[in-house]
Structures are given as C-alpha cells and as structure tokens.
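Architecture and fold: a report
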Amino acid sequence: MSVSVARRAARTGRARLGLGLLAAIAFVVVFGPLLAPWPPTAIVAPPLEGPSAQFPLGTDLLGRDVLSRLLSGGGTLTWMTLLATGIGVVLGALIGLTAAYRDGVADTVLMRAMDVVLSFPETIFVLVFVAAFGRHPLLTASLVGVAFAPGVSRVLRGAALPVFDSEYVLWAKANGLPGRQIVLGEVLPGVTSPLMVETGMRLVWAVTAIASLNYLGFGITPPAPDWGLMVSENQDGLAVAPLPVLAPIALILMMALGGNLVAESVARTVSRTEGKS
Amino acid sequence: MSRGPRCLPVLLLAAALLAGCGRPDDADDPAGAGTLRISVSTDAGEVLNPYASNQGPIQELRSSLVFEGLTALGPEGRTEWRLATGMTPNADRTQWTITLRPGVKFSDGTEFTAADVVSSIKYLRDPAHAAQGLALIQMIDPASIQAVDKLTVRVGLTEPFSPFKDIWTSVLLPMTKTGSAPAKPIGTGPFAVKSFAAGRESTVERSDGYWGRKPKLAAVQLIEYQSQQAQANALLSGRVDIASNTTPTIAKSLAGRGGIQLLDSKGTFSLQIGLDTAVAPFRDVRVRQALRLLVDRQQIVSNVFSGYARIANDYETTTPQCAAPNLPQRAPDIAAAKRLLAEAGQSDLSFAITTDGLLPGMSELAQVFAQNAALAGVKVTVNVVPTPELLAKWGQWPAFVDYNPVPYLPSVLGGLLPDRVGNAAHWNDAAFTGLAGELFRSPEQRQCPLMNRMHEIEYTNGPYIIPAFSDVLLPHRAAVQGLVPDVNGRPLSFLTDVTVG
Amino acid sequence: MTARWLVRRLALGVLVLFLVSVLVFLVTQALPGDVARIVLGKDATVEQVANLRHQLGLDQPLLEQYGRWLGGLLTGHPGVSLQNKEPVAEILGPRIVNSFTLGFISMALILPLSVAAGVLSAARRDSFADKAFVAVTSLSMALPPFVVGMLLIALFATTMLGVLPGVSDIPPGDLPWGHPAELVLPVATLTFMGVMYLGRLVRASVIDALDSEYVQMAVLKGLSRRRILFRHALPNAIAASLPAAGLVAAVTITGVVVVEYVYSYPGLGTALVSAVNSHDLPVLQACVLILAATYYLCNLLADVLAAAGRTR
C-alpha cells in the first residue's frame with residue numbers, strides 16, 4: 001500500500017516540483033564540496049567583496065569565498081535534519097504504539113510523560129539542554145528529535161487504537177501471540193500512511209528548526225561552513241553585501257519547500273486513498 | 001463572495017491601522033531634546049553599586065557618569081586631577097598624603113570630605129566585598145587609612161608604590177558617600193541616577209550641584225539591547241542617538257545611511273590570544289615565539305577589524321608620556337616558525353583556542369589565526385563556549401581569547417604579575433616581576449625606560465599573542481555634536497560638551 | 001465531557017508542571033559553571049565564591065534546595081534573581097504583561113484571518129487566488145521565523161521603507177498598548193506565521209466539509225451556495241480546526257521567544273534567554289513554568305471547545 005501511495009503521490013505536479021528541488025539540493029550537498037573552487041575555510045580576499053569572476057558570489061565577513069562555503073555547507077544541515085527526523089519518528093512511533101498496545105496505567109504514564117516534553121517549547125527545550133551539556137551538532141540534532149517525539153507519538157497512538165480493536169489483533173492477543181510480533185507484524189503496516197505523513201512534516205520542521213538553532217549558535221561551531229551559521233555570521237553586513245546572507249537562506253528555503261511539497265502530496269494522496277477505501 | 005482570498009493585503013491593512021495610531025516619542029519629540037539616548041548590550045545582572053564584583057560595559061559607563069575618582073584619565077590618556085588636587089609620598093613611597101578638592105558636593109547636596117574617601121577605600125580594600133577593583137589596590141594597608149583633616153587623607157602601603165595617582169583613574173575605584181554603598185550609592189559626578197530597571201533601561205540626569213563644568217545635556221538614557229544587530233536597528237529607526245559598541249562590519253554598513261556618522265576612537269584596546277605558560281606545549285617559549293611568527297597581523301587588521309585597527313607587536317599598550325620601545329615589528333615568517341617548532345619537538349602541534357565570542361572580533365580572530373597557523377602545519381580549532389563556562393574554567397584553558405581595555409599599569413597589576421586572578425596564562429617571569437617592583441619604587445621620571453624594558457620581555461617571553469589594537473567605533477546620529485574620541489576606548493565618559501539637536 | 005473530566009485534566013496539568021520544574025531543576029544542576037562564580041566574575045577569589053555559594057544556599061543538598069524553592073513558590077514567593085537579587089515577581093510581572101499582550105493581539109488577528117483566508121480560498125478552489133494562497137503558505141511554512149523577522153525589519157524599518165521602528169523595546173513602566181507602532185512588526189511576524197499554518201488547515205477542513213455527502217445532498221436539494229458554506233461547511237470546518245488552533249496558540253507563545261529576541265521586545269522570551277545565559281535558576285524556572293502552563297491551558301481549551309462542538 002505504501003509503495004503505491006508514494007508512486008501515486010509522485011505523479012502530482014506539486015510533488016514533481018518538490019522532488020526537483022530536493023534533487024537539486026541533494027546534488028549540491030553531495031557534489032558541492034568537490035566543485036568548490038576554494039577551500040571553504042580559506043581566507044582568500046578582503047571581507048564582504050562584491051561578486052566578481054574570481055568570487056561569483058563575493059566574499060563573506062572574514063574574506064572567504066561565499067560560493068565555496070555554500071557548496072560545502074549543506075552536509076551538516078542534511079545529516080542533522082535526517083538524524084532529528086529519524087529519532088523523532090522512531091521514538092515517537094515506539095512510544096505511541098506501546099501506549100496504544102498497553103492501555104491503562106502504562107498508556108497514561110507514557111502519554112503524560114510526553115505532555116511534560118510537549119509543554120516545553122521546543123526552542124527552550126534545546127536551549128536549556130545545550131547550555132547544560134555544551135554545543136555539539138550531534139546533541140542538538142538528538143534534542144530536536146526528542147522534542148518531536150511527543151507529537152509523533154500522539155498521532156500514532158490515535159491511528160493505532162482502531163487497528164488494535166480490529167478482529168485479527170484481538171484474535172492474536174487472545175491466542176497469546178507476543179506483543180512485539182503483533183505490533184510490528186500487524187499494527188505497524190496499518191499505520192504506514194500517518195507515519196509517512198508525519199515523517200514528511202517532521203523533515204520540513206527539522207530543516208527550519210535546525211537551521212534556526214545553527215543560526216542562534218547552538219549547533220555547529222565556526223569556522224565550519226553551514227547555511228544557518230552563514231546567515232548569522234554575515235547578517236551584520238546585510239546592507240552592504242546581501243548575497244552571503246540571502247544565498248544560504250535561498251538554499252534552506254529550497255530544501256524545506258521541496259520537503260514540504262512532497263510531504264503535502266503524500267498527505268493528500270493518503271487522505272484521498274483512505275477516503276475512498 | 002466574488003472576491004478572492006486577501007490574506008496578505010488584510011494583514012498589511014491591519015498593520016497599517018495599528019501604525020496609524022501614531023508614532024510616539026522618537027526623533028521629533030521636543031521633550032527629548034537635551035536627552036542623549038545610548039544603546040548598550042543587555043546586562044541582566046547589573047546593579048548600581050560601582051564596587052560590584054562583575055561589572056559589564058554598561059555598568060562601567062554609568063559609573064563614569066555618576067561617580068568620580070580621585071584622579072581621571074583624559075581623552076589622550078593622561079592622568080588628571082579630579083576629586084584630589086595633589087598626592088605626595090613619603091621618602092620611600094610607602095605612604096601617600098592625598099589633598100582633596102574643596103567645595104565638592106555629592107548629588108544629594110551633602111559635602112564631600114576626607115571621611116568619605118576613607119570609607120570608600122576601606123570598603124574597596126575589604127576582601128569580603130569582592131570589589132572588582134581590589135586587585136589594583138592590594139598594596140594598601142587597610143589598617144592605616146586615615147583622615148588627617150576635612151580635606152586630607154593619609155594612606156599607608158605595605159610596599160613602595162610610586163604610580164599611586166595613576167591607579168585612582170580606574171572607573172572601578174570611585175568615591176561614594178559614606179554608608180551609601182552598596183545599596184544606594186551616591187556619587188559626586190556630573191549626573192545622578194533618576195531611574196533604573198536592571199537589564200532594560202536606566203536614566204541619569206544632570207546634577208545641579210556639580211562642582212566642575214556642567215554638562216550641556218539634561219539627561220542621558222541607557223537603553224539595553226540583546227544583540228549588536230538590534231542596536232544598529234535602534235539607531236537606524238531613531239530610537240537611540242548612539243550605538244555604544246559595534247562591530248566593524250555594522251559600522252561600515254551604517255555609516256552614511258540616514259545621516260549616521262562614525263566616531264572612531266583609535267587607541268589601546270586589544271583582543272589577544274593567551275597561552276597558558278604553566279602547561280605543555282606553551283611552557284616552552286620557542287612554541288610561543290613560533291606561534292607569534294605565524295600571525296598575519298595585516299590580515300587580522302583588514303579581515304577581522306575591516307581596517308579599523310592598527311597592528312601590534314605582542315607587547316601591551318604603552319603610556320602616552322613614554323616613547324614606544326625600539327623593537328622590530330614581527331611579520332609572518334613560516335620558515336622560522338617551523339624551525340622553532342622543530343627545535344621544541346612540536347612539529348605536528350595541534351590545539352584548540354577557547355572563546356565565548358562575547359566581544360565583536362573574538363571568534364573571528366581565532367578563526368583567522370587558525371588559518372594562519374595551518375600554513376605551517378599547525379592544526380588549530382576554535383572552541384566556542386558560553387560565557388558562564390568560560391568563566392567557570394577560567395585559568396584552566398590552555399589557549400584562550402582575552403581582551404584588554406585598560407592602560408599599562410592596571411594591565412600589569414591585574415594580569416601580568418604572578419598569582420593575580422587576571423593572569424590566566426600563569427605567566428611568572430622573574431625578570432619581569434623584578435622590573436615591575438623597580439617601577440613601583442622609582443620616581444616618575446625614571447619610569448619610561450623601565451616600562452620599555454618590561455615591554456621587551458613581553459615581546460620575547462610574554463604569554464600573549466597581541467596582533468592588533470582595535471578601534472572603538474561609535475556610530476551616532478548627525479544631531480549628536482561634541483563627541484570626543486578617547487584613546488582608552490571610553491569616549492562616552494566625556495559628555496560635557498555633547499549636545500543633541 | 002464532564003466537570004470530572006475537566007478536573008482530572010487540570011490535576012494532570014499540575015502534575016505535568018511539577019515534573020517540568022523537576023526536569024528544569026535537574027538540568028540546571030548540570031549547567032557548567034558555578035552560579036556564584038558567574039555572579040562574582042573571574043576576578044573573585046575562591047573564598048568569596050564559597051561565601052556567596054553559602055549565602056545562596058547552593059552548598060545544601062539538592063533535595064533541600066528544590067524543596068525550599070517549591071515551598072517558596074507555593075506560598076507565593078518564587079524567590080529572587082541570583083544575578084541582581086531582585087524579586088522574580090518584580091522582574092517578570094511587567095514582562096508577563098508584555099508577552100501576553102503580544103500573544104493575545106496576535107491570536108485575535110490569527111483566528112479571524114485564518115478562517116477568512118481558509119474559507120475564501122476553499123470556496124474558490126483551484127482558482128488562481130486559491131493556488132496562489134496554497135503556494136504562499138507552502139513557501140512560508142518553509143521559512144524559519146528568524147528569517148521572517150530579519151526580512152520584515154529590513155523591509156519596513158531599516159533598509160527599504162523606514163516607516164516602522166526596527167526595535168520594539170517598551171520602556172520599563174510603560175504598558176505595551178501605549179506603543180502601538182512598536183507592536184506592529186512583532187505582531188505581524190507572529191500573525192503571518194500563524195495564518196499561514198492555520199489558514200491552510202481551515203482551507204483543508206472546509207474542502208473536506210464541502211466534499212462530504214451531507215453537503216452534496218444539500219447541493220442536490222438546491223440550497224444556495226452561500227447558505228451551504230456558512231450554515232454547513234463553516235461550522236464543521238471550525239470544529240475540525242479547533243485542536244489546531246490550540247496548537248497555533250501554543251506555537252505563538254513559543255514563537256514569542258524567537259520573535260522577542262529578534263525585535264528586542266522585553267517579554268518572557270528575552271528574560272528566558274538571558275536567564276539561561278547567566279544560569280539564573282529562579283528566573284529560568286518561573287519563565288519556563290509560565291510558558292509551559294500557558295501552553296498546557298491552550299491545548300486544554302482547544303480540547304474542551306472541540307468536545308463541546310462534538311456534543312452540540
């Protein structure tokens with residue numbers, strides 16, 4: 001079912017645009033570092049120079065080539081986004097399905113624990129922990145993932161409850177099949193669609209959240225090239241040299257927008273499929 | 001129902017309606033005339049007590065307007081008399097007699113006398129108060145501070161100290177009314193505190209009983225912002241008249257826009273890279289010398305400070321009355337650096353420079369240095385930590401970015417002598433300490449050659465890489481007239497002739 | 001949907017807040033750096049630091065420290081700032097007024113604007129205007145809030161138009177609604193982000209409602225389009241969007257943190273950021289608890305309204 005949904009979703013015009021954007025970004029992330037004319041941290045000219053043949057997008061605050069930093073700066077954002085989404089979805093799904101399976105005390109405890117995390121605004125959650133344990137991209141990405149888990153778990157618990165009431169699962173429970181087998185073998189395939197929608201949405205949110213955190217200085221540290229960090233490094237010079245700020249913003253936007261379009265198409269296809277089934 | 005969605009226009013309409021309610025205060029408010037509004041960086045922990053232990057730039061700025069010391073620094077960096085009119089030592093310079101200015105009144109109208117000086121010094125000297133200026137006056141014997149008469153104070157020292165009058169120029173050592181500090185400190189300065197909201201805003205107004213030339217401004221308002229960018233925005237929108245401290249890039253992008261001008265104070269402010277001389281590999285002077293040979297000072301001036309700086313030569317600032325020491329300017333010499341590193345057995349040296357990036361240029365300096373060092377195969381990483389962490393492990397970082405905003409004498413007393421808290425590099429050079437002792441015993445006319453010999457030791461053995469002295473930049477609205485550049489980077493302490501149109 | 005259910009939810013809310021406070025307390029224990037050292041600065045001696053630690057009660061067992069703070073809170077004394085010794089209530093009181101003013105004005109604009117935009121867009125589905133709305137919302141949901149703030153400031157305040165103040169600091173002692181010009185950009189930022197999200201959801205719900213068999217039936221019966229839209233589709237769509245509205249209210253409160261920082265607005269968000277930076281635990285705890293409680297109540301309110309809508 002999920003394969004056909006994905007295929008049908010990919011056929012809409014919006015999804016094609018989204019996939020195109022994502023493919024362009026993926027190309028920059030993968031091959032960009034090889035194409036960069038200068039090392040991304042090398043100081044090659046006076047700061048905030050305008051575009052020239054030598055430096056097509058000008059130089060940044062410290063006199064580094066903006067194009068080279070752009071081409072080399074997508075990797076961190078990408079892996080941090082994927083990691084955060086992965087943690088959020090896996091953890092959220094695990095908790096949501098467990099809560100749905102073990103109704104009663106375990107359900108209440110798990111979902112209230114999720115409420116605790118949920119009532120922490122995400123930015124503040126990350127801010128407090130990063131202040132405590134230091135700045136590290138791995139930590140920041142994991143924290144964003146943990147902050148996502150409650151939202152995912154609520155959705156999946158809601159989606160899984162009707163599946164657990166299905167006759168097959170009731171039968172399996174009555175016949176003493178192990179819980180793990182029921183959850184993984186029967187319930188998980190039943191909630192693929194909401195899982196896919198959630199994954200898509202969280203991917204988009206992760207891009208903006210992680211770009212913001214890198215911008216605020218809570219992720220990757222200088223001099224490493226990173227799109228979010230580039231915005232904050234160069235925003236002091238926005239009025240004199242807009243390119244070092246606007247170019248990374250454009251790439252972040254492309255990444256999030258591409259993800260968003262794809263996620264929306266999937267969600268739309270899923271709701272249509274389910275509406276008709 | 002024939003119209004399409006009008007989400008954005010509706011939003012803009014709402015915004016316009018709200019905006020239409022009127023723009024209060026700001027540039028064209030006549031009541032604002034005579035009030036100078038200055039933006040500063042937020043300091044949530046600020047207090048009014050000028051003796052507090054951990055003062056940020058805003059607190060020092062306010063102190064310089066509200067309080068006065070016995071002496072003060074002029075904008076050219078020379079010591080001038082202020083609340084004192086003379087200081088005379090005994091023969092071996094272990095006791096100083098201070099003559100006070102007559103007719104000085106505190107802002108509450110009461111008279112300033114010798115008793116206030118005695119109580120102020122005693123408060124400062126008491127270690128229990130953890131006053132930030134304590135390091136500067138540790139040579140004072142707390143048991144022998146006494147008022148001789150209404151305008152004479154005698155201060156006994158535990159060791160000879162001849163540059164006594166220069167010490168009192170520090171903004172950390174002002175005189176307050178007896179019993180008023182720390183809760184409600186009262187000073188003799190040209191302004192007095194009118195309102196104070198910690199971390200947000202404070203206003204000082206002209207003190208009518210001021211003994212000296214009265215300022216032309218009726219009041220000064222200090223408004224706090226959390227980022228440099230916000231300060232620039234406040235200046236551009238006319239919310240403030242002066243942005244108190246700004247990055248070279250912002251200064252460059254502001255200058256000329258909306259008639260904004262730039263006051264450029266060329267002086268002795270420096271960012272420096274400290275190397276812990278108590279631990280390997282920096283214990284080895286050859287390593288320190290090699291690292292100093294790697295610095296591309298010209299690049300630091302042009303790329304870190306956008307040209308608003310001049311190159312320095314690894315020794316601290318000189319005093320205005322002395323000629324600079326005759327030492328060759330260090331320039332990048334990769335081969336010599338590599339040779340020194342090989343001799344020290346550190347050919348594949350790698351280390352991290354820690355900084356909290358508190359001041360503009362700190363993290364940038366470390367990044368440029370890392371690039372410079374890479375040319376010799378030295379691997380330097382930049383470790384940006386939050387300010388609390390930097391302070392918590394102060395004295396334990398092997399390499400760190402530090403800054404020095406003060407003249408030479410307090411630099412020596414605060415950070416270059418052994419066992420001082422400010423000496424995070426744990427530098428302990430017997431020859432240097434000996435010369436400093438000699439300096440403290442010598443009369444004024446013999447101090448210049450001594451200081452130059454001390455600079456020479458800093459140049460060869462010192463713990464700091466001092467690549468440049470950077471300018472203090474003050475963008476301001478054209479309506480602000482009469483600002484003076486200050487060699488010590490505190491132009492806002494000189495507001496007497498400033499007007500705002 | 002009974003009073004008992006509501007009481008239970010409220011009690012759970014109190015429990016959640018308690019756990020949040022424990023979590024914040026534990027995390028701050030791991031913060032690097034001794035608060036006393038941060039307050040006193042690098043020039044203070046070891047004895048001075050030890051003295052201050054004792055004064056602040058930081059040398060006592062963790063459980064006792066927490067118990068003392070909780071006891072104070074329950075008796076209405078949330079403590080004093082470690083930094084400048086001012087009472088937390090005095091520091092945060094005016095900031096609560098500022099933040100909530102910002103949040104309420106934004107919500108008051110977000111709700112009607114979202115419904116209007118969503119309904120209009122859905123009513124003319126697949127028209128150019130509808131497609132434009134969908135495209136704009138997709139694009140803006142991909143925009144990080146700091147970018148929105150930065151661009152709005154450059155556009156309206158500093159670089160292009162210069163018609164609005166680029167900073168929104170409300171002088172201490174003044175009430176925010178006395179400075180309407182300063183409120184425009186922060187409110188516009190929050191409203192923009194909110195409408196883009198909620199308006200899109202409303203549009204989807206209205207479309208769902210219009211597609212439902214019930215409405216199809218009404219069309220067949222010959223009811224007017226306007227009547228169908230306002231009598232049938234709209235109430236259903238609003239009921240379906242209510243939980244999302246609660247989420248938007250919550251997100252608006254969270255958004256306050258970033259937006260306040262960008263515009264230097266003196267609210268809870270800016271206080272929180274500086275409390276984290278200076279490890280000022282009492283201020284930090286109070287900020288987090290206020291924000292968390294508001295967040296919880298918004299979600300609860302949305303649930304109550306949704307339940308009320310269902311029973312009707």
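Residues numbered from 1 in each chain as written. Chains lettered and ligands numbered in written order. Predicted model: local features only at pLDDT ≥ 70, side-chain atom pairs only at ≥ 80, totals over all residues.

The name given to chain C in an unreviewed UniProt entry is ABC transporter permease, with Amycolatopsis albidoflavus as the source organism. Here is the UniProt Subcellular location (unreviewed entry) comment for chain C, exactly as written: "Cell membrane". Per UniProt, chain C carries the Sequence similarities (unreviewed entry) text "Belongs to the binding-protein-dependent transport system permease family." (UniProt positions renumbered as here; feature names shortened; annotations may be inferred.)

Where an unreviewed UniProt entry is consulted, chain A appears under the name ABC transporter permease, with the organism given as Amycolatopsis albidoflavus. Per UniProt, the comment on chain A under Subcellular location (unreviewed entry) is "Cell membrane". Recorded under Sequence similarities (unreviewed entry), the UniProt text for chain A is reproduced unchanged: "Belongs to the binding-protein-dependent transport system permease family."

1. Structural notes on the overall build of chain C
Across its full length, chain C carries 12 helices and 0 strands. Start at the N end of chain C and walk to the C end: the helices and strands fall as α-α-α-α-α-α-α-α-α-α-α-α. Seen through its principal axes, chain C has C-alpha atoms that stretch 85 × 55 × 30 Å. Every one of the 312 residues in chain C was classed for burial, and the buried ones make up 50%. (Helix = DSSP H or I, 4+ residues; strand = E, 2+ residues; numbered from the N terminus. Buried ≥ 20, exposed ≤ 12 C-beta atoms within 10 Å, placed from the backbone.)

2. A few points about the overall build of chain A
Secondary structure summary: chain A contains 12 helices and 0 strands in total. Looking at chain A as a whole, 57% of its 277 residues are labelled buried. Partitioning the contacts of chain A with sequence separation of at least 6, the portion at a separation of at least 24 is 72%. (Contact = placed C-beta atoms within 7 Å.)

3. Comments concerning the packing of helix α6 (residues 122-133) of chain A against helix α1 (residues 3-30) of chain C
Packing of α6 of chain A against α1 of chain C leaves a shortest axis separation of 7 Å and a crossing angle of 30 degrees. With respect to α1 of chain C, the axis of α6 of chain A lies roughly parallel. Residues V128, F129, A132 and F133 of chain A of α6 of chain A touch α1 of chain C, and the partners they reach there are V24, V27 and A30 of chain C. Of the residues in the contact of α6 of chain A with α1 of chain C, the class split is 7 nonpolar, no polar and no charged. (Axes fitted to C-alpha atoms, helices over the stretch in contact; angles between N-to-C directions. Parallel < 35°, antiparallel > 145°, perpendicular 65-115°, else oblique. Nonpolar A, V, L, I, M, F, W, Y, C, P; charged D, E, K, R; others polar.)

4. Remarks on the UniProt feature "transmembrane region" (unreviewed entry) in chain C
All names here are of chain C. Mapped onto the present numbering, the UniProt feature "transmembrane region" (unreviewed entry) falls at residues 100-120, 132-157, 177-198, 233-263 and 283-308. Between the C-alpha atoms that bound residues 177-198 the distance is 26 Å, and the span itself is 86% helix and 0% strand. A distance of 37 Å separates the end C-alpha atoms of residues 283-308, which is 100% helix and 0% strand.

5. Here we look at unusual backbone geometry
Residue and element names in this part refer to chain B. In this model, A181 is joined to P182 through a cis peptide bond whose omega is 0 degrees. For P182, the location among the structural elements is in the loop between α4 (164-167) and β8 (191-197). Of the consecutive residues A280 and P281, the connecting peptide bond is found in the cis state with omega at 0 degrees. Inspection of the secondary structure assignment puts P281 in the loop between β13 (270-275) and α7 (285-294). Here the phi dihedral of S306 falls at roughly 50 degrees; this positive angle occurs in a residue that is not glycine. For S306, the location among the structural elements is in the loop between α8 (297-304) and β14 (309-311). Overall, the presence of 23 C-beta atoms within 10 Å leaves S306 in the buried class.

6. Quick look at the interface of chain B and chain A
Counting from both sides, the interface comprises 21 residues of chain B and, opposite them, 19 residues of chain A. At the level of elements, α5 (228-236), α6 (248-254), α8, α10 (362-374) and β16 (379-384) of chain B are the ones that each hand at least two residues to the side of chain B that touches chain A. In terms of residue count, the dominant contributor to the side of chain B that touches chain A is α10 of chain B (6 residues). A per-class count over the side of chain B that touches chain A returns 6 nonpolar, 12 polar and 3 charged.

7. Comments concerning the confidence of the model for chain A
The predicted model of chain A averages 84 in pLDDT, with 94% of residues at 70 or higher. Summarising per-element confidence for chain A, the mean pLDDT is lowest in helix α1 (residues 2-10) of chain A (67) and highest in helix α3 (residues 66-72) of chain A (94). (pLDDT = per-residue confidence, 0-100.)

8. So, the interface of chain B and chain C
Contacts between the two partners involve 47 residues from chain B and, on the opposite side, 57 residues from chain C. Looking at the side of chain B that touches chain C, the elements with two or more residues in it are α1 (7-20), β10 (219-225), α5 and α11 (387-392) of chain B. For the side of chain B that touches chain C, the element with the highest residue contribution is α1 of chain B, accounting for 7 residues. Class assignment for the residues of the side of chain B that touches chain C results in 29 nonpolar, 12 polar and 6 charged.

9. Describing the nonpolar core
Among the nonpolar cores identified, the biggest contains 321 residues, and V126, V144 and I210 of chain A, F369 of chain B together with L272 and C287 of chain C are the most heavily contacted of them. Tallying contributions element by element places helix α10 (residues 225-263) of chain C first for this core, with 21 residues. When residues no more than four places from it in sequence are discounted, the contact partners of C287 of chain C are L92, L268, A271, L272 and A275 of chain C. (Core = buried A, V, L, I, M, F, W, Y, C linked by C-beta atoms within 7 Å.)

10. Looking at the sheet that holds strand β7 (residues 152-157) of chain B
By definition, the strands of a sheet pair up through backbone hydrogen bonds, in either a parallel or an antiparallel sense. All names here are of chain B. Strands sit in the order β4-β5-β7-β6 across an open sheet of 4 strands; the sheet is antiparallel. Strands with a single pairing partner mark the edges of an open sheet, and in this sheet they are β4 (84-89) and β6 (140-149). Recorded for the sheet is a direction-independent mean angle of 20 degrees between the axes of neighbouring strands. Bridge count for β6 against β7 is 5 bridges, and the pairing is antiparallel. (Pairing = 2+ DSSP bridges.)

11. Focus: the confidence of the model for chain C
Taken as a whole, chain C shows an average pLDDT of 82; of its residues, 96% reach a score of 70 or greater. Interface scoring of the predicted complex returns ipTM 0.83; its pTM is 0.86.

12. Observations regarding helix α3 (residues 114-125) of chain B
Residue and element names in this part refer to chain B. With 12 residues, α3 ought to run about 16 Å at 1.5 Å a step, and its terminal C-alpha atoms sit 16 Å apart, in line with that. The complete set of buried residues in α3 reads D116, V117, S120, I121 and L124. Down the axis, α3 shows its buried residues gathered within 125 degrees of arc, on one side only. (Expected span 1.5 Å × (residues − 1). Arc of directions from axis to C-beta.)

13. Observations regarding the environment of A159 of chain A
Within the element layout of this structure, A159 of chain A appears in helix α7 (residues 137-164). Apart from the residues lying within four places of it in its own chain, the contact partners of A159 of chain A are V191 and P194 of chain A.

14. Re the UniProt feature "transmembrane region" (unreviewed entry) in chain A
Residues and elements named next belong to chain A. Cross-referencing UniProt, the feature "transmembrane region" (unreviewed entry) maps to residues 17-38, 77-101, 113-132, 138-156, 203-221 and 241-263 in the present numbering. Measuring from the first to the last C-alpha atom of residues 77-101 gives 35 Å, for a span that is 100% helix and 0% strand. For residues 241-263, the end-to-end C-alpha separation is 35 Å, with 91% helix and 0% strand making up the annotated structure.

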